[in-house]
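# Examining the three-dimensional arrangement
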Amino acid sequence: MNETSPNPADSGIKSLVQKYKGQFGVGLLVLYVFLLGLGTIGEIWEIEWILDLPLFRPPGKY
């Protein structure tokens, strides 16, 4: 059997990631800054609905 032949689906995903690598990075950076800002606003003004989101809950609170 020839094990070196690439799977067409794998090469498609790799080319997609290579083509849009910059956009993925910028998207992740924007998401990170948004969540950081949301958590900061929740902490500063003590907005409970933000602090009760699963992402911002301290371990063992619920």
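Report on the accompanying structure. On a predicted model such as this, the values are computed, not experimentally measured, just so you know.

For the protein chain, the count of helices and strands is 3 helices and 0 strands. The secondary structure elements of the protein chain, listed N-terminal to C-terminal, are α-α-α. Classification of the 62 residues of the protein chain by burial places 8% in the buried group. Working note: accessible area of the protein chain is about 5,600 Å², and carbon and sulfur atoms make up 67% of it.

One non-glycine residue, glutamate 46, lies in positive phi territory at about 50°. Residue glutamate 46 is classed as exposed on the basis of its relative accessible area, which comes to 60%.

Cut-offs used in this document
Residues numbered from 1 in each chain as written. Predicted model: local features only at pLDDT ≥ 70, side-chain atom pairs only at ≥ 80, totals over all residues. Heavy atoms only, no water. Helix = DSSP H or I, 4+ residues; strand = E, 2+ residues; numbered from the N terminus. Buried < 20%, exposed > 50% of the residue type's maximum accessible area, 1.4 Å probe, protein only. Areas by Shrake-Rupley, 256 points an atom, 1.4 Å probe, with all protein chains shown as cover.

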